[in-house]
Structure formats: structure tokens, C-alpha cells
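Coordinates in review
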Amino acid sequence: KMIMPVARFYNSSKQGEAKEYDSFDALHRDIADLYSGYTNEVCSIVSLDNSFKRLGFDIICEGDLGKVGISVRDVVEIILKRKATAVVLVHNHPSGSAIPSPEDITATEILSKSLASLGVKLIDHLIVVPDDYVSLAVSHQFQYLFKR
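So, here's what we can say about the structure. (Residues numbered from 1 in each chain as written. Predicted model: local features only at pLDDT ≥ 70, side-chain atom pairs only at ≥ 80, totals over all residues. Heavy atoms only, no water.)

Observations regarding the side chain of Ser 135
With respect to the helices and strands, the residue Ser 135 is situated in strand S5 (residues 132–135). At 3.1 Å, the side chain of Ser 135 and the backbone nitrogen of Val 138 are in polar contact. (Helix = DSSP H or I, 4+ residues; strand = E, 2+ residues; numbered from the N terminus. Polar contact = N/O pair within 3.5 Å; in protein donor to acceptor, adjacent residues only side chain to side chain.)

Quick look at the structure:
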């Protein structure tokens with residue numbers, strides 16, 4: 001039971017908090033590695049500054065096998081603490097299907113609007129599944145959520 005949490009901790013500490021990304025793909029791969037082994041849904045945010053440097057990776061909530069709730073208040077508290085100007089919302093689908101649910105889309109819309117009012121940009125919502133991920137910002141169907 002300890003192998004996966006230790007591996008996640010090792011990956012996170014190896015990368016350090018102040019990592020700078022040169023592309024969405026590098027950021028996505030980095031985040032997907034941190035989600036290996038979770039059997040319940042987990043939601044996190046990656047806080048970034050203006051130069052796309054990671055300020056933090058924070059798990060904001062954990063749910064059961066098929067559902068997790070996202071608190072805008074918890075997200076805002078972390079963003080203010082980290083002094084972030086941009087964030088990536090991330091959660092996993094342990095079931096293996098990375099297709100966004102209607103609840104995923106609604107949560108993205110609410111969070112995007114809430115953060116915009118604070119001057120913080122939601123740059124992506126990443127859904128991680130074992131050995132893969134889906135980026136809503138890259139998906140043509142959902143790009144409208146990130147054009148603020």
C-alpha cells in the first residue's frame with residue numbers, strides 16, 4: 001500500500017516546486033506522473049506564475065471511485081497563498097475513461113468565471129487516467145472554456 005504514495009512523493013520532490021514548463025505537453029506529462037496509483041478520484045490544482053513556472057501542486061479534495069467535489073473557496077485560498085496568476089485544474093478518472101462528464105464541464109465553467117473575477121486565468125483542465133490524459137484546453141470541443 002505504501003509503494004504508490006512513496007512513488008508520487010518521490011516524483012513530486014524530484015521535480016521541485018519551481019519547475020518551469022516550455023509547453024503544455026511537458027506540463028501535462030509532469031502532472032500525469034503525479035497521479036499514478038490513485039484508486040479514488042482526486043482533484044488538484046497546479047499554480048503557475050506569469051512565466052509558466054510551477055508555484056505549487058496542491059490536492060484540494062478526494063472523492064470516491066466515481067465522484068469528487070470541487071470547492072471554489074479551497075481553490076481561491078490556495079491561489080492567494082501561492083500568489084498564482086494562472087492555474088491548471090486536474091483530476092483523475094480511476095475507471096479508465098478520460099471522457100469529461102457534464103459535471104466536469106460545469107465545474108470548469110464555474111471555476112473559470114470565478115478565477116477570472118480575481119484576475120487569475122484557468123489555462124487548462126486535465127483529466128488523468130492510467131497511462132493517459134485528456135486536456136480540455138487542447139480539445140476543440142472545450143476550448144471555449146479557456147478563451148477568457
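Considerations on the packing of aromatic side chains
The geometry of an aromatic ring pair is captured by two quantities: the separation of the ring centres and the angle between the planes. Scanning the entire structure with this criterion turns up one aromatic pair. Relative to Phe 57, the ring of Tyr 35 has its centre 6.3 Å away and its plane inclined at 90 degrees; by these criteria the two rings are edge-to-face. Taken together, the positions of Tyr 35 in the loop between helix H2 (24–34) and strand S1 (42–48) and Phe 57 in strand S2 (residues 54–62) put the pair 22 residues apart, joining distant regions of the chain. Neither residue differs from the other here; Tyr 35 and Phe 57 are each classed as buried. (Phe/Tyr/Trp six-rings, centres within 6.5 Å; stacked < 30°, edge-to-face > 60°. Buried < 20%, exposed > 50% of the residue type's maximum accessible area, 1.4 Å probe, protein only.)

Some points on the nonpolar core
In terms of nonpolar packing, the biggest core is built from 24 residues, with Ile 45, Ile 60, Val 75, Ile 79, Val 87, Leu 115 and Leu 136 touching the most fellow members. Looking at this core, the elements that each hand over two or more residues are S1, S2, helix H3 (72–82), strand S3 (86–92), helix H4 (102–116) and strand S4 (121–129). Here Ile 60 is in contact with Cys 43, Ser 44, Ile 45, Ile 70, Asp 74, Val 75 and Ile 78, once residues within four sequence places are set aside. Ranked by size, the runner-up nonpolar core spans 19 residues in total, among them Tyr 21, Leu 34, Val 90 and Val 128. (Core = buried A, V, L, I, M, F, W, Y, C linked by side-chain atoms within 4.5 Å. Contact = heavy atoms within 4.5 Å.)

Topic: the pairing of S2
Pairing analysis gives seven bridges linking S1 to S2, with the strands arranged antiparallel. Within S2, the residue paired with Val 42 across the bridge is Glu 62. (Pairing = 2+ DSSP bridges.)

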